[in-house]
2 protein chains.
Amino acid sequence: MTEPQHAGLDTYRYAVLAEGHFGPETSKTANSAIRYLPARVAAVVDSVHAGRTAADVLGFGGGVPVVGTLAEALPLGPTALLVGIAPQGGRLPAPWKAVLLDALAAGMHLVSGLHFHLGDDPDLAAAAAARGLRIHDLRRPPPDLPVSTGRARDVDAFVVATVGTDCNIGKMTAALQIRDALVGRGVRTGFAATGQTGILIEGWGTAVDAVVADFIGGAAEQLVLRAAAGNDVVLVEGQGSLVHPGYSGVTLGLLHGSMPRAQILCHKPTRACPFGGDGAYRWMPLPSLQAMRVLCEAAIAPLRPAPVIAVALNTAGMTEDDARAAAEAATRDTGLPATDPVRWDAGPLADAIEAARAAMG
Amino acid sequence: MTEPQHAGLDTYRYAVLAEGHFGPETSKTANSAIRYLPARVAAVVDSVHAGRTAADVLGFGGGVPVVGTLAEALPLGPTALLVGIAPQGGRLPAPWKAVLLDALAAGMHLVSGLHFHLGDDPDLAAAAAARGLRIHDLRRPPPDLPVSTGRARDVDAFVVATVGTDCNIGKMTAALQIRDALVGRGVRTGFAATGQTGILIEGWGTAVDAVVADFIGGAAEQLVLRAAAGNDVVLVEGQGSLVHPGYSGVTLGLLHGSMPRAQILCHKPTRACPFGGDGAYRWMPLPSLQAMRVLCEAAIAPLRPAPVIAVALNTAGMTEDDARAAAEAATRDTGLPATDPVRWDAGPLADAIEAARAAMG
């Protein structure tokens with residue numbers, strides 16, 4: 001299912017530009033492309049890690065090579081260059097523009113999830129037009145978004161939102177892992193992509209953090225209405241956190257526009273403070289998991305009850321013993337099933353959704 | 001204090017266009033211009049109420065005449081045409097464009113708070129340029145907004161946010177009335193205008209509902225930093241409501257970007273459901289005042305404690321007895337001082353702020 005502005009997106013083979021930023025927490029877009037579109041990533045460009053593989057750097061991603069320059073990636077046959085980072089503020093690092101022009105000169109399309117739209121750069125736009133190449137700005141919002149009115153509450157599909165204690169902790173990943181588990185059980189499951197990486201993977205969606213603020217909920221509503229068609233369950237990719245000082249507005253607007261029936265609370269046990277801004281949030285400790293659960297439920301209760309039904313942990317970087325202990329602690333604190341759907345299995349999260357769906361009708 | 005894009009805004013004499021919409025709840029921008037800039041409103045244009053006065057239609061505004069056409073307003077000496085409505089979705093009613101072109105032809109500047117920027121209309125832009133006239137799009141966001149990091153918590157001024165049970169219930173008005181009361185007591189008080197009407201009145205500010213969603217908090221943060229300079233107290237104009245299905249994202253982002261020390265909860269006792277969308281929110285009862293107070297405090301508690309310290313009622317349209325009873329009920333429900341700062345006096349709200357400021361240092 002693709003939209004006009006996303007046509008072609010499901011066919012590209014990528015060179016992923018992450019110069020100086022490739023790493024577990026610093027190249028979110030690159031990492032998700034490697035996890036979910038592994039056959040379509042030809043190489044990662046980052047001179048810092050040149051000569052290594054994705055698995056060396058990330059702990060997953062197999063033999064995808066990291067090369068030092070775009071020129072070294074070209075023999076591997078990429079058809080598009082993907083901007084592999086999503087920095088706070090969303091601007092293009094200045095030295096990267098030359099690389100993007102080189103990619104266009106080499107006949108590659110451009111794909112970017114930055115707030116700054118590559119297609120609005122006159123030089124890039126002209127170079128692409130001259131060669132008949134496409135620029136996909138994944139974060140460019142669709143025109144004519146509505147203000148949300150709560151109409152997503154009326155869909156027949158059982159809508160589940162992934163929410164979290166912080167940004168950049170795996171809300172999209174949890175939703176995709178759960179989707180795979182549900183589909184494996186024969187449950188027709190839609191995924192509403194709300195961020196640039198989800199759009200990259202799914203081929204459709206809207207980056208709700210890039211729309212004009214009055215239309216956050218309306219963008220979410222439109223996504224849920226579309227994802228619900230022909231499906232039994234819809235998983236809505238969450239964004240940010242209700243307590244993130246930079247992104248909480250997006251989080252609440254998305255929640256209210258989506259009108260979920262249940263929430264899956266995502267949490268990274270090793271995260272002590274809100275992520276981002278080069279440590280700008282160190283002044284603020286994250287609330288406890290149980291406090292976040294209470295807040296997530298309170299935030300939507302006046303619109304509709306949407307209980308948190310399970311906890312999805314991101315235990316990346318933890319030992320197996322520590323991860324097990326974290327899952328047990330999460331269940332002890334909240335009384336809810338808790339698992340890491342990447343390290344272990346999304347099954348318990350899918351179970352929780354099926355149980356909630358059966359109970360709520 | 002004006003910014004380049006707002007230069008001239010504090011000098012205009014307005015014809016206010018509200019064709020078919022002039023009324024207590026349907027022409028928010030017009031009504032605030034009449035309340036706060038009465039000497040600068042030459043006339044309201046609305047053929048439905050032609051021949052009446054602002055006071056006839058609104059219950060305030062004295063003898064400001066309502067005329068049927070722009071041509072009838074011209075002899076009254078307007079120097080600018082103000083778009084007097086702020087419809088949900090923020091688009092210009094199609095028939096109004098001809099009136100705007102007529103205004104330009106008559107030598108008037110244009111001022112608008114719509115999401116749709118008049119300056120982006122090629123015909124309007126060309127007509128204005130040809131005559132050396134200005135188009136002020138109050139909702140056009142400033143460039144290069146940051147993501148908020150909570151730095152507004154460090155200002156010396158005591159920051160107070162007006163929040164509410166709904167949109168369009170008088171959060172800006174309450175803040176302005178309180179400001180006047182505090183200034184009358186010699187307290188240096190800044191006002192951070194966060195919506196198009198506040199900007200119209202103050203001559204500076206940012207419409208936080210019109211920025212790209214990731215930057216709601218950053219826009220608020222910038223406003224608070226500026227309003228705090230040289231002031232003892234800052235009043236932040238609230239937007240929407242934490243439970244409004246369409247606008248809650250803006251509300252929470254604004255709250256977290258502002259980092260207030262205290263909140264004033266605004267409430268309209270006659271409002272049963274969220275406002276807007278031609279009744280689209282009738283499915284949802286508003287929570288009780290006390291429930292809203294708990295939610296407003298919970299929403300910011302993980303960032304900093306910011307207690308609700310008073311209730312500002314909007315008792316427009318109620319009898320004096322009903323208004324008194326509503327104020328008593330608000331105090332009974334919440335244990336907080338409650339008053340209508342327009343009908344009666346903002347003094348009790350200013351008292352609450354001074355007491356909180358003294359207590360919290």
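Residues numbered from 1 in each chain as written. Chains lettered and ligands numbered in written order. Predicted model: local features only at pLDDT ≥ 70, side-chain atom pairs only at ≥ 80, totals over all residues. Heavy atoms only, no water.

Undergrad: Can you help me understand the interface of chain A and chain B in this one?
TA: Many descriptions give the size of an interface as the accessible area lost when the pieces come together. The interface of chain A with chain B comprises 45 residues on the first partner and 45 residues on the second. Buried surface at the junction of chain A and chain B, summed over both partners, amounts to about 3,300 Å²; 61% is from carbon and sulfur atoms. Counting the surface chain A buries against chain B, the share from its top three residues, T149, D214 and W283 of chain A, is 18%. Linking chain A with chain B are 3 salt bridges, by the criterion used here. For D214 of chain A, the salt bridge goes to R139 of chain B, with nearest N and O atoms at 3.7 Å. Our count for the contact surface shared by chain A and chain B stands at 16 residue pairs in polar contact (both at pLDDT 80 or more). Sorting the residues of the side of chain A that touches chain B by element identifies α9 (248-258) and α10 (289-300) of chain A as the ones contributing at least two each. The greatest single-element share of the side of chain A that touches chain B, amounting to 6 residues, is contributed by α9 of chain A. Considering only residue class, the side of chain A that touches chain B consists of 27 nonpolar, 12 polar and 6 charged. (Contact = heavy atoms within 4.5 Å. Buried area = accessible area lost by both parts, 1.4 Å probe. Salt bridge = Lys/Arg side-chain N within 4 Å of Asp/Glu carboxyl O. Polar contact = N/O pair within 3.5 Å; in protein donor to acceptor, adjacent residues only side chain to side chain. Helix = DSSP H or I, 4+ residues; strand = E, 2+ residues; numbered from the N terminus. Nonpolar A, V, L, I, M, F, W, Y, C, P; charged D, E, K, R; others polar.)

Undergrad: What is the right way to look at the sheet that holds strand β3 (residues 66-67) of chain B in this model?
TA: Sheet strands pair by backbone hydrogen bonding; their relative direction is either parallel or antiparallel. All names here are of chain B. Spatial strand order, β3-β2-β1-β4-β5-β6: 6 strands in an open sheet with parallel pairing. The sheet is open, and its two edges are formed by β3 and β6 (135-137), each paired on a single side. Bridge count between strand β4 (residues 80-83) and strand β5 (residues 109-112): 3 bridges; the pairing is parallel. In the sheet register, L82 faces β5, and the bridge partner there is V111. (Pairing = 2+ DSSP bridges.)

Undergrad: What should I look at first to understand the side chain of T197 of chain B in this one?
TA: As for its placement among the helices and strands, T197 of chain B is situated in helix α7 (residues 196-202). With residues up to four places along the chain from it excluded, the contact list for T197 of chain B reads K28, T29, S32 and M172 of chain B.

Undergrad: I keep staring at the environment of M318 of chain B and nothing clicks. Help me out?
TA: All names here are of chain B. The residue M318 is located in the loop between β11 (308-313) and α11 (320-334) in this model. When its relative accessible area of 17% is taken as the criterion, M318 is described as buried. Sequence separation between M318 and P269 is 49 residues; the distance between their C-alpha atoms is 9.0 Å. The contact partners of M318, leaving out residues within four places of it in the chain, are P269, T270, A323, A326 and R343. (Buried < 20%, exposed > 50% of the residue type's maximum accessible area, 1.4 Å probe, protein only.)

Undergrad: Got a minute to help me understand the confidence of the model for chain A in this structure?
TA: As a note on interpretation, predicted positions should not be read in detail where pLDDT is low. Residues of chain A with pLDDT of at least 70 account for 99%, and the chain-wide mean is 95. In the predicted complex, the global pTM is 0.92; the interface-specific ipTM is 0.91. (pLDDT = per-residue confidence, 0-100.)

Undergrad: What am I meant to see in the packing of helix α4 (residues 96-105) of chain B against helix α5 (residues 122-131) of chain B here?
TA: The packing of two helices is summarised by the inter-axis angle and the distance between the axes. All names here are of chain B. Direction vectors running N to C along α4 and α5 enclose 5°, while the axes themselves pass 9 Å from each other. As judged from the angle between their axes, α4 and α5 are roughly parallel. Touching K97, L100, L101, L104 and A105 of α4 are D123, L124, A127, A128 and R131, all from α5. Residue composition of the contact of α4 with α5, by class: 7 nonpolar, no polar and 3 charged. (Axes fitted to C-alpha atoms, helices over the stretch in contact; angles between N-to-C directions. Parallel < 35°, antiparallel > 145°, perpendicular 65-115°, else oblique.)

Undergrad: Mind showing me how you'd approach the nonpolar core here?
TA: The nonpolar side chains of a soluble globular protein tend to be buried, and buried together. Membership of the largest hydrophobic core comes to 106 residues, with the highest contact counts inside it found for V234 of chain A together with V234 of chain B. The residues contacting V234 of chain A, other than those within four sequence positions of it, are A157, F158, V159, V160, G190, A192, A227 and A228 of chain A. (Core = buried A, V, L, I, M, F, W, Y, C linked by side-chain atoms within 4.5 Å.)

Undergrad: Would you take a moment to explain the relation of the copies chain A and chain B for this structure?
TA: Mapping between the two chain copies consists of a rotation about an axis together with a translation along that axis. Superposition record for chain A on chain B: RMSD 0.0 Å, screw rotation 180°, translation along axis 0.0 Å. What the superposition gives is, in effect, a two-fold axis relating one chain to the other. When the interface residues of chain A are mapped onto chain B, 100% of them again lie at the interface, so the same face is used by both copies. (Least-squares fit on C-alpha atoms with pLDDT ≥ 70 in both.)

Undergrad: Which parts of the structure should I look at to understand the pairing of strand β9 (residues 233-236) of chain B?
TA: One face of the sheet, then the other: side chains in a regular strand alternate in exactly this way. All names here are of chain B. Here β9 shows two buried faces, one formed by V233 and L235 and the other by V234 and V236. Both strand β7 (residues 158-164) and β9 contribute to a ladder of 4 bridges, which runs parallel. Within β9, the residue paired with A161 across the bridge is V236. Where strand β8 (residues 189-192) meets β9, 4 bridges bridge the pair, whose relative direction is parallel. Along β9, the bridge assignment pairs G190 with V234.

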